[in-house]
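A structural walkthrough
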Amino acid sequence: DGGITQSPKYLFRKEGQNVTLSCEQNLNHDAMYWYRQDPGQGLRLIYYSQIVNDFQKGDIAEGYSVSREKKESFPLTVTSAQKNPTAFYLCASRRLAGGSSFGGELFFGEGSRLTVL
Amino acid sequence: DAKTTQPNSMESNEEEPVHLPCNHSTISGTDYIHWYRQLPSQGPEYVIHGLTSNVNNRMASLAIAEDRKSSTLILHRATLRDAAVYYCILSMVDSGYALNFGKGTSLLVTP
């Protein structure tokens, strides 16, 4: 079945370590996004990418890095520079609807929960 | 940025209709109105979207005010499985169609 796969589902990290969260989609979607969600809060945009080898910062990009070497993959690295990385991370993708500002339906993965010890 | 305002929480009885309001007074002419919902510990899922006209699908209906400054998501018969956080969002064309999710409305459905 087509969909978005995030891994790992749960991750524990020591302070000062970098960690990489995986996001893979087999929906042939053009755009991919990373969001962060803290308890009781909405989602905040970290990074997004509309095409391969290109990505833009969202509202809270500091302390994070991404790459988009393949259309299917958009990994997120949480660096040691991120002051408070404990959160629920969600990856999403969409097929951009050409000529329309609708932008297509957004599909989400099941999320990765990162805890810094 | 075009923003939306929603009540923090709402409560409904099972099998009753639910009207979830959203204000977006700064909406621009090309902004679509999107609704997503999020169940606990899951990613959000698409519910419905619209531009100017009212829309219906198998999940819900979307009623858009004539001046487009507000909209209402209508669940015709709430079930316990509809208990979720509902987000009303406007498209951001200049940001790669990225959707900015606010805090949404937490819907409680009681038997």
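Up top you'll find the structure we're talking about.
**Let's talk about the overall build of chain B**
- Counting its secondary structure elements, chain B contains 0 helices and 9 strands.
- Listed by position from the N terminus, the elements making up chain B come as β-β-β-β-β-β-β-β-β.
- Classification of the 111 residues of chain B by burial places 46% in the buried group.
- Pairs at least 24 apart in sequence give 56% of the contacts found in chain B among residues at least 6 apart.
- Working note: accessible area of chain B is about 5,600 Å², and carbon and sulfur atoms make up 46% of it.
- Placing the 8 positive and 11 negative side-chain charges of chain B at their respective mean positions leaves the two points 3 Å apart.

**A closer look at the interface of chain B and chain A**
- Taken together, the 24 residues of chain B in the interface contact 25 residues of chain A.
- Buried area between chain B and chain A, summed over both chains or domains, comes out near 1,900 Å², and the portion from carbon and sulfur atoms is 55%.
- There are 0 salt bridges connecting chain B and chain A.
- If you look at where chain B meets chain A, you find 4 residue pairs in polar contact (both at pLDDT 80 or more).
- Contributing elements (two or more residues each) for the side of chain B that touches chain A: β3 (33-38) and β4 (45-50) of chain B.
- When residues of the side of chain B that touches chain A are assigned to their parent elements, the largest contribution, 3 residues, is made by β3(B).
- Residues belonging to the side of chain B that touches chain A are distributed by class as follows: 10 nonpolar, 12 polar and 2 charged.

**Re the packing of aromatic side chains**
- Following the criterion strictly, the structure yields 9 aromatic pairs over all chains and no others.
- With a centroid separation of 6.1 Å and an interplanar angle of 25 degrees, the aromatic rings of A:Y33 and A:Y48 are classed as stacked. Within this pair, whereas A:Y33 is found in strand β4 (residues 31-37), its partner A:Y48 is found in strand β5 (residues 43-51), the two being separated by 15 residues in sequence. Like A:Y33, the residue A:Y48 is buried in the burial classification.
- By the ring-pair criterion, three or more aromatic residues cluster together here, those being A:Y35, A:F108, B:Y36, B:Y46, B:Y87 and B:F101.
- Here the basic side chain of A:R113 rests over the ring of A:F88, its NZ or CZ set 4.4 Å away from the ring centre.

About the cut-offs
Residues numbered from 1 in each chain as written. Chains lettered and ligands numbered in written order. Predicted model: local features only at pLDDT ≥ 70, side-chain atom pairs only at ≥ 80, totals over all residues. Heavy atoms only, no water. Helix = DSSP H or I, 4+ residues; strand = E, 2+ residues; numbered from the N terminus. Buried < 20%, exposed > 50% of the residue type's maximum accessible area, 1.4 Å probe, protein only. Contact = heavy atoms within 4.5 Å. Areas by Shrake-Rupley, 256 points an atom, 1.4 Å probe, with all protein chains shown as cover. Lys, Arg positive; Asp, Glu negative; His and termini not counted. Charge placed at Lys NZ, Arg CZ, Asp CG, Glu CD. Buried area = accessible area lost by both parts, 1.4 Å probe. Salt bridge = Lys/Arg side-chain N within 4 Å of Asp/Glu carboxyl O. Polar contact = N/O pair within 3.5 Å; in protein donor to acceptor, adjacent residues only side chain to side chain. Nonpolar A, V, L, I, M, F, W, Y, C, P; charged D, E, K, R; others polar. Phe/Tyr/Trp six-rings, centres within 6.5 Å; stacked < 30°, edge-to-face > 60°. Lys NZ or Arg CZ within 6 Å of the ring centre and 35° of its normal.

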